[in-house]
Amino acid sequence: MSGRITDIRLTPILIADAPLLNVGGVHQPYTPRLIVELETDSGAIGLGETYGDRQYLDRAAAAAPSLIGLPVTAVNALRLLDGDRPDAQVLADNPIAGGLRGTLTTDKVRLSVLSAFETAALDALGRELGLPVHALLGGKVRDRVDYSGYLFYKWAEHPMPDAPSDDWGEVLDPAGVVRLAEMFSARGGFRSFKLKGGVLPPAAEVAAIRALAAAFPGHPLRLDPNGGWSLATATAVAEQLTGVVEYLEDPTARLADMAELHRRTGMTLATNMIVTATAEIRPAFDADAVQVVLSDHHFWGGLHATRELAAVCQAYGKGISMHSNTHLGISLAAMTQVAATVAHLDYACDTHYPWQPEDVITEPFGFTDGALTVTDTPGLGVELDRDALARLHRRWQELPAMRERDDVAAMRVAVPGYHPPGSPKY
């Protein structure tokens, strides 16, 4: 017999991040995350994770009391908490840095918070019943989930004093990109690679992809400039990389340009910017602007919503995979559990996880042949490291300037007066 929710604990943390470059700037030395603990009257504790910037913390704190007393089985009711009507109001005074997840709305913030609550509820329920989360979602259809090695251009070190260091080294040219892929292959056996583009001139990024193709023949490759190219630039890149990449991800920022690019070149186009909410699905699919949707259970409001999105994509004949944000092991466990249940998961999922030098779970994940084995351990199959959680929360308390992710501010440390380029960048 499953219990009722008796307590919700919210712990904001800061996790170390490498100086990874993107179209808008560079990652700060630390990134905020929010860890959710949901406890039931049976003593089960479920875990969730999501973004930790102020707007997410405020929304989580406001919504958490509404969960108290609910059955832990009532995951559908979570969608009705804190308002159930999509709100298209853009948070113009607090946009996400660089627009890397598309237009941020108040409803997208709400769903990102609810995703952590739903994941925690499913984790707690699975622990109570002795079942893995994938069983609560209908059961797994695969025993392993493939992930892609996520490559970034990066500086050797952060320009800020007392910033964390890493051993990945500088990556600013094709040789550096290949060396980085070799490190990913050695450390996790990754068999596909995605390069975060929009950083260097397009010709340099095309050269990097071609260098990867030569170094890793037969390995699926992707390039993602986060909407940083004009239609003309994207067309030229698509023509050069036809037959080299499995898809381009968000080469342009406008739906109409994505549709025209596909019409001109036939290139498969993926997105985590054009389609990130239910209202955005039909326009993009009707225009054939997108052929692959990169789901993200944080964006969509949880694991059930991810499965619903996968069903819609299947009905439209669209491919599906998974987007990644700068996440820890709780989110990776949730991604793996839901990915195991999606029959037509067409491409390896993205993950930032190999970049993370620390975690809040007792046994961090390791990749084998670029994949994770799907655990049958009850719940998500991970346990909270309370010492690590306390240490990362202390960091959050001690570094108030890092509590909002701001790639532009981080870039200005190295380039005073820096302003992000207009759209498109190239």
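Just above sits the structure.
Now for a description of the structure that goes with this document. (Residues numbered from 1 in each chain as written. Predicted model: local features only at pLDDT ≥ 70, side-chain atom pairs only at ≥ 80, totals over all residues. Heavy atoms only, no water.)

**Description of the pairing of strand S5 (residues 193-196)**
Successive side chains on a regular strand alternate, one facing one side of the sheet and the next facing the other.
Phase 1 of the analysis: Along S5, one buried face is formed by Phe193 and Leu195 and the opposite face, lined by Lys194 and Lys196, is buried too.
Phase 2 of the analysis: Of the pairings in the sheet, the one linking strand S4 (residues 144-152) to S5 comprises four bridges and is parallel in character. In the strand pairing of S5, Phe152 is matched with Lys196.
Phase 3 of the analysis: In the classification by handedness, the crossover that spans S4, the intervening helix H5 (residues 174-188) and the parallel S5 is right-handed.
Phase 4 of the analysis: As paired strands, S5 and strand S6 (residues 221-224) are joined by four bridges and run parallel to one another. Note on S6: the bridge partner recorded for Phe193 is Leu221.
Phase 5 of the analysis: With respect to chirality, the unit in which S5 leads through helix H6 (residues 202-215) into the neighbouring parallel S6 is right-handed. (Buried < 20%, exposed > 50% of the residue type's maximum accessible area, 1.4 Å probe, protein only. Helix = DSSP H or I, 4+ residues; strand = E, 2+ residues; numbered from the N terminus. Pairing = 2+ DSSP bridges. Right-handed = clockwise from strand over helix to strand, strands pointing away.)

**Looking at the environment of Thr242**
Phase 1 of the analysis: As for its position among the elements, Thr242 is in the loop between helix H7 (231-241) and strand S7 (247-249).
Phase 2 of the analysis: Overall, Thr242 belongs to the partly exposed group, its relative accessible area being 48%.
Phase 3 of the analysis: Linking Thr242 and His393, residues 151 residues apart in sequence, is a C-alpha distance of 46 Å.
Phase 4 of the analysis: For Thr242, the side chain forms a polar contact with the main-chain oxygen of Ala238, separated by 2.6 Å. (Polar contact = N/O pair within 3.5 Å; in protein donor to acceptor, adjacent residues only side chain to side chain.)

**Focus: the sheet that holds strand S2 (residues 30-40)**
Phase 1 of the analysis: On the basis of which strands lie adjacent, the open sheet formed by three strands has the order S1-S2-S3 and antiparallel pairing. Among the strands making up the open sheet, the edge pair consists of strand S1 (5-16) and strand S3 (45-51). Along the sheet, successive strands turn relative to each other by an average axial angle of 20°, direction set aside. (Axes fitted to C-alpha atoms, helices over the stretch in contact; angles between N-to-C directions.)

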